[in-house]
Amino acid sequence: MSVTVRFAPSPTGHIHIGNVRPALFNYLFAKKQGGNFVLRYDDTDVQRSKEEYAEGIAEDLKWLGINPDRVEKQSARFALYDTAAAKLKDAGLLYPCYETPEELERRRNRARALGRPPVYDRAALKLTDEQIAEYAAAGRNPHWRFKLPNHAAGDVFAPERTEVHWDDVIRGRQTVDLASLSDPVLIRADGTYLYTLPSIVDDADMGISHVIRGEDHIANTGVQIAIFNALDAKVPEFGHHNLLTTASGEGLSKRSGALSIRSLRAEGFEPMAVCSLAVLTGTSHAVEPAKNLDALAEMLDFSGVSKSAAKFDPDDVGHLTAKLVHAMSYAEVAEHLKEAGITGGEEFWQAVRENCSTVGDVSKWWTLVTGPVASDVAEEDQEFITQALALLPSEPWDTATWGEWTKAVKGETGRKGKGLFMPLRKAITGQAHGPDLKDMLPLIGREKTLARLS
Ligand code: GLU
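Position numbers for residues start from 1 in each chain and track the written sequence from start to end. Two thresholds apply to this predicted model, a pLDDT of at least 70 for residue-level local features and 80 or more for giving and counting side-chain atom pairs, whereas whole-chain, interface and lining totals are computed over all residues. Heavy atoms from the whole structure form the basis of all side-chain values; hydrogens and water molecules are not counted.

### Here we look at the environment of isoleucine 57
Then, number 1: Within the fold, isoleucine 57 resides in helix α2 (residues 51–64).
Then, number 2: Relative accessibility under 20% of the residue-type maximum defines a buried residue, over 50% an exposed one, and the middle range a partly exposed one, all with a 1.4 Å probe and only protein chains included. Residue classification places isoleucine 57 among the buried residues on the basis of a relative accessible area of 1%.
Then, number 3: Spatially, the C-alpha atoms of isoleucine 57 and histidine 319 are 25 Å apart, while their sequence positions differ by 262 residues.
Then, number 4: With near-sequence residues (within four places) excluded, isoleucine 57 lies in contact with Pro9, Ser10, Pro11, Gly13, Ile15 and Tyr41. Elements are defined by DSSP. Helices are runs of H or I of four residues or more, strands are runs of E of two residues or more, and each kind is numbered from the N terminus. The contact criterion used throughout is that any non-hydrogen atoms of two residues lie within 4.5 Å.

### Looking at the environment of leucine 437
Then, number 1: Within the secondary structure layout, leucine 437 lies in helix α18 (residues 437–444).
Then, number 2: On the basis of relative accessible area, leucine 437 is assigned to the buried category, the value being 3%.
Then, number 3: For leucine 437 and threonine 399, which are 38 residues apart along the polypeptide, the C-alpha to C-alpha distance reads 8.7 Å.
Then, number 4: In this view, leucine 437 contacts Trp402, Arg425, Thr429 and Pro442; residues no more than four positions away in its chain are not counted.

### Focus: helix α4 (residues 101–113)
Then, number 1: If you check α4, its first and last C-alpha atoms are 18 Å apart, about what 13 residues at 1.5 Å a residue would give, namely 18 Å.
Then, number 2: Once α4 finishes, glycine 115 follows within two positions and takes phi at roughly 75 degrees, a positive value. To estimate the expected span of a helix, count its residues, drop one, and scale the result by 1.5 Å.

### Notes on the site of the ligand
Then, number 1: Proximity criterion: a residue is near a molecule or strand once any of its heavy atoms comes within 4 Å of it. With respect to spatial proximity, the complete set of residues near the ligand consists of Arg6, Ala8, Ser10, Asp42, Tyr195, Arg213 and His217.
Then, number 2: Here a polar contact means two N or O atoms within 3.5 Å. Within protein one must be a hydrogen donor candidate and the other an acceptor candidate, and residues neighboring in sequence count only if both atoms are side-chain atoms. Between the ligand and the protein, one listed contact pairs an oxygen atom with a side-chain N or O atom of arginine 6 at 2.7 Å.
Then, number 3: A distance of 2.7 Å is found between a nitrogen atom of the ligand and a backbone nitrogen or oxygen belonging to alanine 8.
Then, number 4: We get accessible surface area from the Shrake-Rupley algorithm with a probe of 1.4 Å; when it comes to residues, only the shown protein chains can shield them. Burial of the ligand by the protein amounts to 77% of the accessible area it has alone, namely 300 Å².
Then, number 5: Class assignment of the residues belonging to the shell around the ligand gives a composition of two nonpolar, two polar and three charged. Amino acids outside the nonpolar list (Ala, Val, Leu, Ile, Met, Phe, Trp, Tyr, Cys, Pro) and the charged list (Asp, Glu, Lys, Arg) are all regarded as polar, and Gly is one of them.

### Description of the packing of aromatic side chains
Then, number 1: Two aromatic rings, drawn from Phe, Tyr or Trp (for Trp, its six-membered ring), form a pair once their centres lie within 6.5 Å of each other, and the interplanar angle then sorts them: stacked below 30 degrees, edge-to-face above 60, tilted otherwise. Using the criterion set out here, one finds eleven aromatic pairs in the structure.
Then, number 2: For the pair phenylalanine 29 and phenylalanine 302, a centre-to-centre distance of 5.4 Å together with 25 degrees between the ring planes defines the contact as stacked. In this pair, phenylalanine 29 sits in helix α1 (residues 17–33) while phenylalanine 302 sits in the loop between α10 (293–299) and β12 (310–312), placing the two residues 273 residues apart along the sequence. A single burial state applies to phenylalanine 29 and to phenylalanine 302, both of which are buried.
Then, number 3: Considering the side-chain rings of tyrosine 81 and tyrosine 193, the 5.8 Å spacing of their centres and the 75 degrees angle between planes classify their relative orientation as edge-to-face. Here tyrosine 193 lies in the loop between β8 (185–187) and α6 (196–205) and tyrosine 81 lies in helix α3 (residues 78–90), a separation of 112 residues in the sequence.
Then, number 4: Overall, tyrosine 193 belongs to the buried group, its relative accessible area being 6%.
Then, number 5: Within the aromatic cluster, the residues linked to one another by ring pairs are Phe25, Phe29 and Phe302.
Then, number 6: The ring of tryptophan 144 has lysine 89 lying over it, and the distance from NZ or CZ to the ring centre is 3.9 Å. Here, a charge over a ring means that NZ of Lys or CZ of Arg falls within 6 Å of the ring centre while also lying within 35 degrees of the ring normal.

### A word on the sheet that holds strand β4 (residues 94–97)
Then, number 1: One open sheet holds the three strands; their spatial order is β4-β5-β8, and the pairing between them is antiparallel. Lying at the two open borders of the sheet, with one neighbouring strand each, are β4 and β8. Going from strand to strand, the sheet's axes swing by 45 degrees on average, the running direction of each strand aside.
Then, number 2: When DSSP finds two or more bridges between a pair of strands, those strands are recorded as paired. Here strand β5 (residues 143–146) pairs with β8 via two bridges, running antiparallel. Counted as the bridge partner of arginine 145 is valine 185 from β8. Note on geometry: axes are C-alpha line fits, over the in-contact stretch for helices, and angles between N-to-C directions span 0 to 180 degrees.

### Regarding the nonpolar core
Then, number 1: Ile17, Leu24, Leu28, Leu61 and Leu296 are the most contacted members of the largest nonpolar core, which has 50 residues in total.
Then, number 2: Among the elements that take part in this core, α1 stands out by supplying nine residues, more than any other.
Then, number 3: The contact partners of leucine 296, leaving out residues within four places of it in the chain, are Leu24, Leu28, Met272, Cys275, Ser276, Val279, Leu280 and Ala290.
Then, number 4: Among the nonpolar cores identified, the runner-up in size contains 34 residues, and Val333, Ala351, Val369 and Leu437 belong to it. Definition of nonpolar core: a set of buried residues of the types Ala, Val, Leu, Ile, Met, Phe, Trp, Tyr and Cys, connected through side-chain atoms within 4.5 Å.

### Section: the sheet that holds strand β1 (residues 4–7)
Then, number 1: On the basis of which strands lie adjacent, the open sheet formed by three strands has the order β1-β2-β3 and parallel pairing. Two strands close off the open sheet at either side, each with one partner strand: β1 and β3 (70–73). Across the sheet, the mean angle from the axis of one strand to that of its neighbour is 25 degrees, orientation sign disregarded.
Then, number 2: Bridging between β1 and strand β2 (residues 36–41) involves four bridges; their strand directions are parallel. Across the sheet, residue threonine 4 finds its bridge partner in β2, namely asparagine 36.
Then, number 3: The strands touched by α1 are β1 and β2; relative to β1, the strand with the most contacts, the crossing angle is about 165 degrees.
Then, number 4: In the packing of α2 onto the sheet, the strands contacted are β1, β2 and β3, and the crossing angle to β2 comes to about 155 degrees.

Listed below in structure tokens is the structure:
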């Protein structure tokens, strides 16, 4: 079977690390199978959907390394949904309802009080033609519900247990009882579509072979399979993954901006750190930074995805970024160094990379080479520094210079260990910590070192 998957965000906010999980579960699955990945904007909610967010999502996906084979917008496809809705209406499977939200809420509360599940009782199916005409005359527009196939022929008011099954590619065999669910509203009273019908129509029309998404959609899948069948459409395979939550079990809200991809990008974190954390958390694979998406695709195994929440620590984006940066070759950062005006070449990168939490940190270490540096010399070290200055070797300098120099200073002053190295480091760099001076000294050069010690 040829594989086609989709990532279907609603452009009502910026995407965050929790959204990267379904995006990559789909993308990596397709990549491994030689399939196609569709980016579909679920923007039927025209009030809340914004072009600016759609553009932001495309940009964020690009930064993560996700390149869609096809991009679609539901707002350009209403005619298809109208055709499907008409087909369901003709079959008597989509029926008008006039209850107000308050009325529905009252009924749900009453059902709960009586210990019954708050499932819609299909009261609208009892309306007479006259009652419907009265509503219409009063200017009330209906919302439309899909009649779930959960009843014996002829008796829609007596739902009975009706199991829908599927072999979930992540969770194994799944069952949803359609009698436990309310007939879903597919069209609002203002004529706009809720997510369900457009999603099904598009999945069918775009030849989506696998729908991979969060486990919060499991009940939806039961309903959607029934609607696929009602439309005589081929039912895709489904897979439901656990959701990313913070350590306290809190979900990630798109609107809160928490851990949005753009803020992680602005902080200088590596895209592969974000991708690795988003994918490997809550699986049997250790959470470690994959070098690229091909490597991450090899680490993702649906059978190893846990059934409990995928709890993650946001600080790990930083830890994984640091690990990736420490292992980067000069070739991988050369472009960034050039853009930042850093001319230290490979020697400089090798000298500082272990001290960089993000690639952007190179600039801070480069100022140690170029200066200006505010030398930090304590009163009691003045004389020691003057002695050390007198022993500064002549150029050319290389990575052996620091060892030769400090050996000579040790012999002359009798200082050793921290008492020897720390005052020199603080005088030359103005800081107590930083890259190895053995590597930095040749980059700084004799002239600047001399000036900082004077
Ligand atoms: N737009 C839906 C969402 O963001 C898509 C869900 C699905 O993958 O079917 O929840």
